[in-house]
Amino acid sequence: MVEVLISAEQIQKRVDELARKIMADYDHQPVTIVGVLTGSLLFLADLMRRLELPLRIALIQASSYRGTSTTAGELHVQMDLLPDLSGRHVLVLDDILDTGQTLAHLKVELEAMKPASLKFGVLLRKIGRQELHLEPDYIGFEIPDKFVIGYGLDYNDEYRNLPYIGVLQP
Ligand code: 5GP
Ligand code: MG
C-alpha cells in the first residue's frame, strides 16, 4: 500500500512554478541541463518541456545502493555520457537531496569542467538529513525524513512510474 505524500496535481503545479523561475533567472541564455539518472527522469521530462530557453540535455548516472535503508551506500557516478560543458550554463537536476553526498560529489566533478555557471535543482529535499553543505538553487518540496517512491523514485527499481510521490506502507 502506498500513502500519497504529494499528489500528481501538486507536482505539476510546482514544476510550472519552477519552470517560470528558471526561465526568469536564465533570461534567454542557453542552458545545459544535466539530469541525474535514474530518479530525475520524470522531473526532467516534465520540466524541460516547459522551458522556453535554448536548451541542451545531458545525462549522468549516480547510484548509491541502499534499498529503503536511510544510510547511504557507496556512491557510483558514471559521467561518460557528458558532452563538453566548458563555458556552458549548467543546471544539474536530481530527484531528491538527502545526505547531500551525490550533489556535493557532482559539484566537484562538474566545476572541474569549467562551466560558465553551475546550479542545482531538486524535486525534493529531506528535512534534517543533510550532512554535506549544498544549498540547491531550486527546490520543489521539502519533505519529512521518510523513504519516498514514485515520480522517478524507486524501491528496488520499482514504482518509478507512479505520477505522485508516496510512502510505502508495510
Ligand atoms: P544523497 O546523496 O543526497 O544522500 O542521496 C541522493 C540519492 O539517494 C537520490 O538521488 C536518490 O537516488 C536516493 N534517495 C535518497 N532518499 C531517497 C528516498 O527517500 N527514496 C528513494 N527512492 N531514493 C532516495
Ligand atoms: Mg539519485
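Everything below is about the structure printed above this text.
What this report covers is the structure whose coordinates are included nearby. (Residues numbered from 1 in each chain as written. Chains lettered and ligands numbered in written order. Predicted model: local features only at pLDDT ≥ 70, side-chain atom pairs only at ≥ 80, totals over all residues. Heavy atoms only, no water.)

1. Comments concerning the environment of valine 122
Its location among the elements puts valine 122 in strand β6 (residues 117-126). Of the residues examined, valine 122 reaches a relative accessible area of 0% and is grouped as buried. Separated by 98 residues in sequence, valine 122 and alanine 24 have C-alpha atoms that sit 18 Å apart. Each residue touching valine 122, except ones within four places of it in the same chain, is listed here: Phe43, Asp94, Asp95, Ile96, Leu97, Leu103, Pro136, Tyr138, Ile139 and Gly140. (Helix = DSSP H or I, 4+ residues; strand = E, 2+ residues; numbered from the N terminus. Buried < 20%, exposed > 50% of the residue type's maximum accessible area, 1.4 Å probe, protein only. Contact = heavy atoms within 4.5 Å.)

2. Considerations on the side chain of aspartate 98
When you line up the elements, aspartate 98 lands in the loop between β5 (89-97) and α3 (101-111). Using a relative accessible area of 8% as the deciding quantity, one classes aspartate 98 as buried. At a separation of 2.7 Å, a polar atom in the side chain of aspartate 98 contacts the side chain of arginine 129. (Polar contact = N/O pair within 3.5 Å; in protein donor to acceptor, adjacent residues only side chain to side chain.)

3. Things to note about the pairing of strand β2 (residues 31-37)
Buried residues dominate β2, accounting for 7 of its 7 residues. Here β2 shows two buried faces, one formed by Val31, Ile33, Gly35 and Leu37 and the other by Thr32, Val34 and Val36. One ladder, built from 7 bridges, connects β2 with strand β3 (residues 55-64); its direction is parallel. Looking at β3, one finds that glycine 35 is bridged to leucine 59. Handedness of the crossover joining β2 and β3 through helix α2 (residues 41-48) is recorded here as right-handed. Across 5 bridges, β2 lies against β5 in parallel orientation. Residue pairing across strands places valine 31 opposite histidine 89, the latter belonging to β5. (Pairing = 2+ DSSP bridges. Right-handed = clockwise from strand over helix to strand, strands pointing away.)

4. Describing the packing of helix α1 (residues 8-26) against α2
The packing of two helices is summarised by the inter-axis angle and the distance between the axes. Contact geometry for α1 and α2: axes closest at 9 Å, N-to-C directions at 60°. The orientation of α1 relative to α2 falls into the category oblique. In terms of crossing hand, the pair formed by α1 and α2 is right-handed. Here Gln12, Val15, Leu18, Ala19 and Ile22 of α1 come into contact with α2, specifically with Phe43, Asp46 and Leu47. Here the residues of the contact of α1 with α2 sort into 6 nonpolar, 1 polar and 1 charged. (Axes fitted to C-alpha atoms, helices over the stretch in contact; angles between N-to-C directions. Parallel < 35°, antiparallel > 145°, perpendicular 65-115°, else oblique. Left-handed = near helix turned anticlockwise from the far one by under 90°. Nonpolar A, V, L, I, M, F, W, Y, C, P; charged D, E, K, R; others polar.)

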